[in-house]
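Topology and contacts: notes
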4 protein chains.
Amino acid sequence: MTEEIGVGMVGHAFMGAVHSHAWRSVHRFFDVPLTPRLAVLGGRDPVRTKEAATKYGWAAAETDWRALVARDDVQLVDICTPGDTHAEIALAALAAGKHVLCEKPLANTVAEAEAMAAAAEEAAARGVRSMVAFNYRRVPAIALARRLVEEGRIGEVRHVRAVYLQDWLSDPASPMTWRLRKEKAGSGALGDLGAHIVDAAQYVTGDLITGVSATTETFVRSRPDGDGVGEVTVDDAAVFLARFSSGALGTFEATRYALGRKNAMRLEVNGTRGSLAFDFESMNELSVYSADDGPSAGFRRVLVTEADHPYVGAWWPPGHLLGYEHTFTHEAADFLTAIGDGVDPAPSFADGLRVQRVLAAVEDSAGQQSTWTTIGESR
Amino acid sequence: MTEEIGVGMVGHAFMGAVHSHAWRSVHRFFDVPLTPRLAVLGGRDPVRTKEAATKYGWAAAETDWRALVARDDVQLVDICTPGDTHAEIALAALAAGKHVLCEKPLANTVAEAEAMAAAAEEAAARGVRSMVAFNYRRVPAIALARRLVEEGRIGEVRHVRAVYLQDWLSDPASPMTWRLRKEKAGSGALGDLGAHIVDAAQYVTGDLITGVSATTETFVRSRPDGDGVGEVTVDDAAVFLARFSSGALGTFEATRYALGRKNAMRLEVNGTRGSLAFDFESMNELSVYSADDGPSAGFRRVLVTEADHPYVGAWWPPGHLLGYEHTFTHEAADFLTAIGDGVDPAPSFADGLRVQRVLAAVEDSAGQQSTWTTIGESR
Amino acid sequence: MTEEIGVGMVGHAFMGAVHSHAWRSVHRFFDVPLTPRLAVLGGRDPVRTKEAATKYGWAAAETDWRALVARDDVQLVDICTPGDTHAEIALAALAAGKHVLCEKPLANTVAEAEAMAAAAEEAAARGVRSMVAFNYRRVPAIALARRLVEEGRIGEVRHVRAVYLQDWLSDPASPMTWRLRKEKAGSGALGDLGAHIVDAAQYVTGDLITGVSATTETFVRSRPDGDGVGEVTVDDAAVFLARFSSGALGTFEATRYALGRKNAMRLEVNGTRGSLAFDFESMNELSVYSADDGPSAGFRRVLVTEADHPYVGAWWPPGHLLGYEHTFTHEAADFLTAIGDGVDPAPSFADGLRVQRVLAAVEDSAGQQSTWTTIGESR
Amino acid sequence: MTEEIGVGMVGHAFMGAVHSHAWRSVHRFFDVPLTPRLAVLGGRDPVRTKEAATKYGWAAAETDWRALVARDDVQLVDICTPGDTHAEIALAALAAGKHVLCEKPLANTVAEAEAMAAAAEEAAARGVRSMVAFNYRRVPAIALARRLVEEGRIGEVRHVRAVYLQDWLSDPASPMTWRLRKEKAGSGALGDLGAHIVDAAQYVTGDLITGVSATTETFVRSRPDGDGVGEVTVDDAAVFLARFSSGALGTFEATRYALGRKNAMRLEVNGTRGSLAFDFESMNELSVYSADDGPSAGFRRVLVTEADHPYVGAWWPPGHLLGYEHTFTHEAADFLTAIGDGVDPAPSFADGLRVQRVLAAVEDSAGQQSTWTTIGESR
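About the cut-offs
Residues numbered from 1 in each chain as written. Chains lettered and ligands numbered in written order. Predicted model: local features only at pLDDT ≥ 70, side-chain atom pairs only at ≥ 80, totals over all residues. Heavy atoms only, no water. Helix = DSSP H or I, 4+ residues; strand = E, 2+ residues; numbered from the N terminus. Rg over C-alpha atoms; globule rule 2.2 N^0.38 Å. Buried < 20%, exposed > 50% of the residue type's maximum accessible area, 1.4 Å probe, protein only. Areas by Shrake-Rupley, 256 points an atom, 1.4 Å probe, with all protein chains shown as cover. Lys, Arg positive; Asp, Glu negative; His and termini not counted. Charge placed at Lys NZ, Arg CZ, Asp CG, Glu CD. Pairing = 2+ DSSP bridges. Axes fitted to C-alpha atoms, helices over the stretch in contact; angles between N-to-C directions. Contact = heavy atoms within 4.5 Å. Buried area = accessible area lost by both parts, 1.4 Å probe. Salt bridge = Lys/Arg side-chain N within 4 Å of Asp/Glu carboxyl O. Polar contact = N/O pair within 3.5 Å; in protein donor to acceptor, adjacent residues only side chain to side chain. Nonpolar A, V, L, I, M, F, W, Y, C, P; charged D, E, K, R; others polar.

As annotated in an unreviewed UniProt entry, chain A carries the name Putative dehydrogenase and is attributed to Saccharothrix saharensis.

**With respect to the overall build of chain A**
Regarding its fold elements, chain A presents 10 helices and 17 strands. The C-alpha atoms of chain A give 20 Å as radius of gyration, which agrees with the globular expectation for 379 residues (21 Å, within 12%). Taking the principal axes of its C-alpha atoms as reference, chain A extends roughly 60 × 50 × 40 Å. Buried residues in chain A amount to 68% of all 379 residues. Surface accessibility of chain A: about 11800 Å² in total, with carbon and sulfur atoms responsible for 49%. Placing the 37 positive and 50 negative side-chain charges of chain A at their respective mean positions leaves the two points 1 Å apart.

**Quick notes on the sheet that holds strand 1 (residues 3-10) of chain A**
Residues and elements named next belong to chain A. Taken in spatial order, the six strands of this open sheet run 3-2-1-4-5-6, and their pairing is parallel. Of all strands in the sheet, those with a lone pairing partner are strand 3 (60-62) and strand 6 (130-133), marking the two edges. Here the average twist between neighbouring strands, direction ignored, is 25 degrees. As judged from the four bridges shared by strand 5 (residues 99-103) and strand 6, these two strands associate in the parallel manner. Paired with Leu-101 across the bridge in strand 6 is Met-131.

**Some points on the interface of chain C and chain A**
Counting residues at the interface gives 12 residues for chain C and 12 residues for chain A. Taking both partners together, chain C and chain A bury about 1100 Å²; carbon and sulfur atoms supply 44% of that area. Taken together, chain C and chain A are joined by two salt bridges. Put simply, chain C and chain A have 10 residue pairs in polar contact (both at pLDDT 80 or more) between them. In the side of chain C that touches chain A, the residues fall into four nonpolar, three polar and five charged. Sheet analysis places strand 16 (residues 299-303) of chain A next to strand 16 (residues 299-303) of chain C, joined by three bridges and oriented antiparallel. Across the sheet, residue Arg-301 of chain A finds its bridge partner in strand 16 of chain C, namely Phe-299 of chain C.

**As for the sheet that holds strand 6 (residues 130-132) of chain D**
Residues and elements named next belong to chain D. Here six strands make up an open sheet; going across it, the order is 3-2-1-4-5-6 and the pairing parallel. Bordering the open sheet on either side are strand 3 (60-62) and strand 6, each of which pairs with just one other strand. If you compare each strand with its neighbour and ignore which way they point, the axes differ by 25 degrees on average. Here four bridges tie strand 1 (residues 4-10) to strand 4 (residues 76-79), and the two strands are oriented parallel to one another. The residue bridging Val-10 from the neighbouring strand is Ile-79, located in strand 4. Strand contacts of helix 4 (residues 86-95): strand 1, strand 4, strand 5 (99-102) and strand 6, with the helix running at about 175 degrees to strand 4, the strand carrying the most contacts.

**Here's the deal with unusual backbone geometry**
A cis amide bond, omega 0 degrees, links Ala-346 of chain A with the succeeding residue Pro-347 of chain A. Within the fold, Pro-347 of chain A resides in the loop between helix 9 (326-341) and helix 10 (349-367). The step from Lys-104 of chain D to Pro-105 of chain D runs through a cis peptide bond, and the omega angle for that step is -10 degrees. In this model, Ser-370 of chain D sits at a positive phi of 65 degrees, which is unusual for a non-glycine residue. Mapped onto the secondary structure, Ser-370 of chain D falls in the loop between helix 10 (349-367) and strand 17 (373-374). Looking at Ser-370 of chain D, the relative accessible area reads 3%, which means it is buried.

Structure (structure tokens):
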């Protein structure tokens with residue numbers, strides 16, 4: 001067992017549960033330079049926070065995130081709240097010298113994200129690390145895709161097509177949640193799902209989106225909310241065209257209305273030498289096409305469960321699949337390693353800001369008759 | 001054997017070969033009211049046209065399409081030439097009282113297509129029939145998809161996503177063809193591939209596209225051409241967002257640079273009760289999702305080879321697959337049946353015009369910074 | 001057009017329809033040295049045979065197969081009848097100096113098959129050719145599989161697993177057919193389906209089965225037959241273990257009770273360097289695994305539609321699928337080519353006899369408590 | 001947190017790692033009546049056992065399993081050793097009144113398994129519980145398959161086909177392991193892999209295998225072993241036909257030589273109303289065919305990630321996949337629940353004995369020319 005690092009986590013819903021599992025498990029599988037101690041869990045409701053802390057294995061509970069950040073037994077703050085509080089908590093934690101892992105999307109606005117990226121850069125100079133939780137980068141198949149692109153295996157990228165399809169809003173009778181309120185979530189499918197595919201596309205290609213043309217839609221504008229009706233103030237779906245700096249063309253779609261698609265985060269990249277395709281619903285597989293394979297070329301269904309595949313060596317023999325939560329365990333391993341090694345982890349807050357700018361450009365374009373909208377470095 | 005109808009076909013390349021097969025075979029499988037007689041094949045080169053006529057089973061050959069159209073033994077003119085001659089031939093044939101089957105896209109410009117649609121409507125009043133050859137409507141799986149939508153099995157449509165992916169231009173060393181010259185082909189991937197998915201999407205949903213936002217790209221601007229170099233004057237790829245009159249959102253992509261995708265004409269439709277997905281590379285299958293299936297819901301891989309599936313009763317027992325050329329045989333059967341029954345077949349030239357307007361709007365939008373461009377009824 | 005060869009075909013049910021299509025079409029796609037002339041169709045019922053001849057394009061009809069065989073305008077006899085008449089017709093045709101294509105299984109008994117193989121060998125010495133119609137060898141994907149094995153791409157074979165699954169007898173209310181009567185069909189699923197996978201396994205591996213252990217079953221012993229009930233006297237399903245002369249292990253299953261599997265003729269071969277897998281329900285695909293692919297190894301989904309794949313050059317561009325009947329057109333092309341070239345085609349009647357011996361060993365083993373039963377060269 | 005139960009686990013290799021994870025995690029996700037305390041880890045090498053205990057979170061280490069069993073802080077003994085020590089440890093633990101979870105196969109011989117089943121039955125009368133670790137029963141898709149069969153959704157079972165394919169011995173240069181020594185492992189692929197598919201087939205169908213016909217093979221008889229060569233004394237592959245008491249036919253294959261198949265534990269069941277198919281390499285999916293689906297019937301790809309699917313409610317939202325180790329966490333949950341509720345869990349040692357008898361019959365048949373061998377209740 002290595003030296004311990006105290007973790008304070010704010011939020012104990014879906015993301016809180018899966019992050020807890022990662023902090024509990026990471027050192028059981030990875031040789032990390034720091035062993036996480038689940039010091040304190042933060043939440044607003046004292047009773048529910050205490051219950052969650054017990055269930056998930058946290059030593060203490062706090063209802064005031066500022067108190068959590070200030071605790072001496074906390075060296076790392078993990079932000080699992082809705083987007084409206086990310087900036088405030090992250091800025092405070094970085095100022096207090098705490099390492100910060102922040103759920104995606106980084107913030108609800110570009111301005112917030114800019115402030116966070118600036119603070120992160122300043123903190124890094126002091127040895128304080130920060131990372132945004134684009135966990136899909138830690139799917140072994142996606143990390144392998146990145147590796148293959150880096151090795152030049154697919155050549156120059158021509159096309160990217162990315163969708164993130166869910167269906168839990170297909171039924172108009174599904175009730176309101178904070179995810180459908182702009183003031184809490186920032187945006188709808190765009191920020192929740194679109195953020196992931198924008199990051200994944202930029203990560204795998206090693207390239208940046210320079211402009212978009214977009215349309216968004218809210219199919220169902222009001223939903224049951226307790227005894228009444230709540231107004232949906234975010235997008236239900238967002239579709240956009242994109243251009244990468246290399247000249248590659250991209251198409252993107254994020255929706256919660258693709259009936260039958262449960263978590264179809266899909267990415268395909270076509271290059272001049274090969275192609276790659278991924279679907280999270282078969283997350284242990286990567287489809288790889290190589291033009292070099294000649295007359296028996298075809299998309300290879302690579303089961304990404306070999307010891308020499310990214311992250312896999314820590315787990316089971318070939319063909320013994322990994323699941324969703326492993327991506328968070330990998331994220332924790334990478335963050336702890338970066339902290340221990342004294343280097344900046346990726347994706348950085350600056351990476352998160354770049355995604356935020358794409359999301360903002362999507363909204364701008366959608367508000368201006370889909371007119372092509374460029375992503376500036378400073379907006 | 002039913003009464004014969006003399007067919008004159010112009011063009012004997014890829015489309016000519018497959019249309020010949022359809023005219024030779026249709027009455028062997030379908031109970032059509034008219035039996036096609038392969039009267040005359042038209043082509044520009046006398047030697048090659050004669051050879052093709054012999055190979056494909058045509059009784060005679062003509063090098064002048066006007067002579068072909070004028071022949072007494074021709075009652076049906078089948079146009080398999082590049083798009084630049086469709087309008088001229090079709091107008092002459094309709095004026096001569098000949099039924100016309102015309103390959104897609106209907107024409108190279110909206111103006112030509114308007115003239116053709118007007119002529120077809122006028123001819124129909126005289127009992128002369130015309131049809132545009134969107135053969136993918138005759139894939140049994142796509143016809144089944146249409147049937148399921150008509151029956152209300154997927155409810156109200158929310159999303160359409162359609163791609164038509166090929167890869168034969170991925171290699172910059174691939175030579176020039178007429179398909180890369182604007183004056184012959186009208187457009188590139190857009191008209192060749194995009195036309196099919198626009199028609200298929202409108203056909204399956206029973207709905208029309210009302211506006212688009214688009215980008216096009218020519219990745220490789222010159223290619224080997226004999227001893228020299230030829231300039232590519234069409235798009236290599238076209239991507240666009242679309243809105244249907246029902247409010248459904250669509251994304252479309254047509255490209256010849258998706259390495260590893262050989263003929264991936266794919267269509268997915270998500271509705272409020274179910275979803276449908278199709279990929280031509282598995283053309284005997286339709287994926288069908290029904291929200292009514294409860295805890296064991298999932299996309300059904302329907303093998304569209306049952307006797308009660310569209311067109312299939314004419315062929316083999318379940319599980320004995322059909323291929324690409326069957327779509328043309330089905331097309332011939334439908335056209336002969338319409339002629340025999342004295343009714344107008346679908347897709348009509350008016351349907352072809354509607355597709356043409358969408359293609360034109362795509363080019364307009366792409367030329368105007370992707371600004372949203374509506375598809376008018378008269379442009 | 002090359003020199004004509006007159007074809008006389010006996011039988012006009014399912015096989016007759018598909019063979020007719022092959023004889024009508026083969027020279028339109030393949031450069032065959034002989035052009036088939038559809039001279040005469042044989043059948044027992046004069047009215048139905050005449051109708052079938054007209055529908056399928058045969059110049060004449062005969063109700064006596066002996067008269068058909070004797071006709072001067074017949075140089076090739078194609079036997080599409082149930083198995084109980086194969087031997088008699090084939091022996092007569094070979095004796096009359098007519099080339100013979102015979103549907104599978106070659107015969108209903110080993111004794112018949114032995115007589116046929118002997119007659120074929122004797123006829124070959126006189127330049128008279130014969131072939132048994134194991135059409136699955138002419139699926140391009142299976143022919144490609146054979147090519148890859150021949151090239152050593154999968155190394156030494158360890159395992160073969162083959163199933164042929166249909167489901168049309170799942171319903172006990174399905175009526176009797178000649179296929180369920182031993183005196184007509186010889187056996188049930190074993191001869192109808194099992195024969196195909198035995199031949200395909202031996203063909204792809206280039207190896208012979210030397211012994212089997214088997215069990216057979218008749219799940220439903222009587223079925224509706226007109227106004228009465230008919231007794232099912234053949235197997236509904238046959239399962240067997242096999243050993244190849246190389247030492248490879250095989251498992252085989254043929255059944256008409258695999259609900260949901262329509263024509264799942266599947267073959268997988270595992271070797272020391274690679275593996276191959278095929279499923280007729282996706283007949284345009286071959287799955288190819290190569291251990292040489294290293295960290296991105298995976299089963300390649302090879303779309304067997306490239307011009308350099310077996311038979312495919314005669315057809316359409318990549319990704320434009322072929323169907324069931326193409327296998328018969330390929331068979332006709334190969335047979336005509338062999339006749340024209342004066343060589344013996346494969347699979348020969350001797351190959352058909354070898355399959356017959358395996359089927360007989362399966363029945364023997366099943367009748368003797370599954371005891372291992374070797375396949376002798378002369379039994 | 002509920003009352004604690006002290007766990008002592010013997011063995012810390014692959015199975016030890018994954019069982020440790022289950023004991024650490026189960027109460028974080030499931031409402032179990034007892035919370036496991038990782039009291040003591042047993043192993044032969046003191047240094048490595050201590051290291052493993054630290055890594056996996058065990059409070060203490062023991063090198064003598066008898067001492068481990070005797071400890072007061074151990075109420076549950078988890079046996080993760082090779083098969084040669086299962087019986088001895090289990091008998092001692094049951095005699096000491098400790099609940100026992102034993103890895104599969106239950107034992108190396110039928111005699112050992114009989115003794116264990118008898119001891120388990122006797123212990124159960126004293127309130128001491130035992131379970132054999134057929135973890136694949138706890139794959140949600142397999143548990144769902146069982147549920148669908150129980151509900152009558154597939155009708156009467158006609159066919160079972162089960163394979164368990166791995167490829168880690170394909171390379172003759174792979175070194176010796178204890179798994180290739182009969183005295184340690186009992187058998188090879190048969191006991192390691194075959195045991196799983198025998199159990200799964202019996203579990204899903206709710207039926208028992210009554211007889212088999214089998215063949216086994218050792219392809220590579222000696223392998224590198226340190227500086228020398230070791231003799232492989234177990235089977236590399238086992239294939240067998242089976243009959244279930246209902247009359248259903250089964251085919252089974254277990255091998256470590258199916259190149260490209262990493263952990264393809266596959267099961268298909270065909271019934272009179274429907275069919276089910278599973279492949280562990282896509283472990284979050286179950287293919288379900290229902291004859292009731294009419295013209296749009298097809299195998300449904302059910303993503304078994306819905307809250308109302310077995311075990312899934314404890315985890316993530318739909319489409320967020322589970323992995324291999326979850327099956328052990330489910331196993332732990334079920335065992336703790338049975339202990340807490342005072343009922344006998346399944347699969348019992350008697351279930352393990354039934355599997356052992358099938359394995360023994362396979363070996364007997366293989367030794368007697370594949371002659372049909374029945375599985376008696378007392379052998």
